[in-house]
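Architecture at a glance
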Amino acid sequence: MSAYDVHIGKLISGRRSLEGSGSYLLCTTDKTIVEINSVQPVEGIVVRAQDWEDALYEFCLSAIDEYIAEGNNKEVYTFSIYTDTYHGSYIIYINNQESLNHSVEEAFAHDRQKDLESGNKRHHTTREELYEQFKYGEGDYPFMYDNTGERLEKWLSIYSCITSEDHHYLDIEQNYIVEKELVDSQLFLIAIQVIHRLQADFQQLDRTDDFIAYVSAADGVGGDYLTTSQLVRRCVSEEQLYKVMPDVEERDRAFREAVKTVQQQHLSEQVRHWVTVIEKGEFGEGSPYSFWKTDYEAYEQLIELGVAALPCIQEHLNGELDQDTRLILETVLYDLSERFVQEDTLTLKQTFGEVDIAIKEMRAVLAELRKQDPDDYTPYPSNLLSDAEEEILRAVTDKWRLPDQYIYFLNHYVPEFVTWSTGDYMNLEIFGAKDLEQGQWGYSQNPDTKEVLDEWPSSYLVIASDEGDPYCIDLSRGDMVIYSAEHGTGTWDFDVAYDSLAEFLRSVLLPSRSDLEWDTSDSTSYTYYNLFITGEGSQKVKTLAFIKKKFACDYAQARAYMESLPLLVYKGIDLGAEKIETQLKEIGADYEKRQISLAEFIVDDPS
């Protein structure tokens, strides 16, 4: 299921859109199914995703009502929507503490009785082990509800005929027109949305403190691995997940440590590791399955390596590979190429264009300084936009896992002894590719013995230095937030200096803040904006996911941010503001875009 794991994983995580947008499947009374591009002028019942969600929501409500009516509404600890996206079925499972305890005791007594009868003195499964085995083992729950109602049952039957490509069982009295996106495993996404929609309705249940409601995947369409690695995480916060499933937290921690170990290797070795993991399959050494995850996690790690990994990935594709491994690598190759090289030119302009602008402005400043004082500034180079030597760039990308924007910067910034004394800097040296390794001397590495210095944060890479004060990026984050600390204080006390590489580069172009003639009017060639999220919008889950990604926090913290609106999510020039604004529009969040002056941009207080 390796390639499927990646395909479904990309959908659940939001890395790809549903396939079939704008198309419909016409299911007719004479047992034919054909694809059409419009519902007009065809006669029939149109089934859309929202209709499906409403029907599933009603089914869940009926299951809750039936469960309560049966007299079992006490200490309910779980509710799940078991989802089969191949056969087209939903089952609601509910369980309570009393039922769980009964199942455990019954199984424990049964095991002991069998041993007594056989005279076998083998080691018994403990009550604690049985408890963990039965707690989220839906197949062992006595409370199962599969009466989906006439409407949803009809749709699921049609869905099954579509996915199985067996039209003989298509038994309908009138035409049905189904959105094609539905058969791209959208049943998972709908079930997740219903779980969130049910939050108020769960108040009818006498819930335990560790109650959890989630979507689970049937065997054959992801099973426990997909459930644990992705589906349940779209339904509850990480904090709640770890509270009710401490074993998952333990596996997550072990996986993060394994990834961290791999990240210490050169880029080519990291690619080789993940290719080998995929190739060896579920029971191979280092398999994501051993951490209760799927091969989608290996895909994620390859994607996070960025464009620098493309040649290494292509090299493996040129060799002998299992078909599933080849499909995954081709997906990685395509996704990286699409993201950074081919079709996503707008993203390139927004991500790298602002760096180009900053470097051009830096060149202009140097040219002006040369005119004013040729003797001092003649040694400064004019080739800030030339390309770095390929061998040098490859050396640093093999040594460190660098953000793509920073790789782009290093490829175009060739300073050759440039120092900047503008802005608040005494003599700021921004390292190019060939100076980057030497730039770590005295910080993370002893320049004489080449020993690693323990007091230095291991994930911090120094990209510039001002008279000993380092400016760094945190490689564990994967972004270009710039941190700085004062040297000579005995400890490194880092604070965020700039939110992005472009802001950092523009800072060297500003006059000194102590210069009384510094003009902070709006005469700058840039237009600056603050962007605030002001409301959850039409899709709260997507807004929370945006906040979680933006601030690198868990869902609990994201919800806390949501409760403290308005929330500043961007401060900078118009290019970056346009990018964030587009994302906010796509997720349906309520936001405010406010133009600010250069002076407002410089100060820390966004208000």
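Here, the structure is the one placed above.
Description of the structure in this document. (Residues numbered from 1 in each chain as written. Predicted model: local features only at pLDDT ≥ 70, side-chain atom pairs only at ≥ 80, totals over all residues. Heavy atoms only, no water.)

**Observations concerning the overall build of the protein**
- Along its length, the protein carries 22 helices and 16 strands.
- Evaluated residue by residue, the protein yields a buried proportion of 48% over its 607 residues.
- Restricting the contact set of the protein to residue pairs at least 6 apart, pairs at least 24 apart contribute 66%.
- When the accessible surface of the protein is split by element, carbon and sulfur atoms take 46% of a total near 30,400 Å². (Helix = DSSP H or I, 4+ residues; strand = E, 2+ residues; numbered from the N terminus. Buried < 20%, exposed > 50% of the residue type's maximum accessible area, 1.4 Å probe, protein only. Contact = heavy atoms within 4.5 Å. Areas by Shrake-Rupley, 256 points an atom, 1.4 Å probe, with all protein chains shown as cover.)

**Here's the deal with the nonpolar core**
- Formed by 77 residues in total, the largest nonpolar core has its most connected members in Trp-52, Leu-56, Phe-79, Ile-81 and Tyr-90.
- Broken down by element, this core gets its largest block of residues, ten residues, from helix H2 (residues 49-69). (Core = buried A, V, L, I, M, F, W, Y, C linked by side-chain atoms within 4.5 Å.)

**Things to note about the sheet that holds strand E16 (residues 590-596)**
- If you walk across this open sheet you meet the three strands as E15-E14-E16, and the pairing is antiparallel. On the outer flanks of this sheet lie strand E15 (567-573) and E16, each paired with one strand and no other. Each adjacent strand pair in this sheet contributes to an overall mean axis angle of 20 degrees, direction not counted.
- Pairing between strand E14 (residues 528-535) and E16: seven bridges, direction antiparallel. Bridge pairing links Tyr-529 to Gln-595 in E16.
- Lying over the sheet, helix H19 (residues 540-550) contacts E14 and E15, oriented at roughly 135 degrees with respect to E14. (Pairing = 2+ DSSP bridges. Axes fitted to C-alpha atoms, helices over the stretch in contact; angles between N-to-C directions.)

**Thoughts on the sheet that holds strand E6 (residues 143-145)**
- Taken together, four strands build an open sheet; the order of strands is E6-E5-E4-E8 and the sheet is mixed. Strands with a single pairing partner mark the edges of an open sheet, and in this sheet they are E6 and strand E8 (207-217). For this sheet, the mean angle separating the axes of adjacent strands, direction not counted, is 15 degrees.
- Pairing of strand E4 (residues 76-84) with strand E5 (residues 89-96) involves eight bridges; the strand directions are antiparallel. Residue pairing for E5: Phe-79 is matched across the bridge by Ile-94.

**Brief notes about the packing of helix H1 (residues 2-13) against helix H11 (residues 296-304)**
- For the pair H1 and H11, interaxial distance at closest approach is 8 Å and the crossing angle is 70 degrees. Taken together, the axis directions place H1 and H11 in an arrangement best described as roughly perpendicular. Judged by residue contacts, Asp-5, Val-6, Gly-9, Lys-10 and Ser-13 of H1 engage Tyr-296, Tyr-299 and Glu-300 from H11.
- Of the residues contributing to the contact of H1 with H11, the split by class is three nonpolar, two polar and three charged. (Parallel < 35°, antiparallel > 145°, perpendicular 65-115°, else oblique. Nonpolar A, V, L, I, M, F, W, Y, C, P; charged D, E, K, R; others polar.)

**Overview of the pairing of strand E11 (residues 469-474)**
- Among the six residues in E11, five count as buried, and that is most of the element.
- Direction of pairing for strand E10 (residues 460-466) relative to E11: antiparallel, over a ladder of six bridges. Among the inter-strand pairings, Ser-465 is bridged to a residue of E11, identified as Pro-470.
- Linking two consecutive strands that pair antiparallel, namely E10 and E11, is a turn of two residues; a positive phi of about 50 degrees is found at Glu-467 within it.
- Note: E11 against strand E12 (residues 482-484), two bridges, orientation antiparallel. Looking at E12, one finds that Cys-472 is bridged to Tyr-483.

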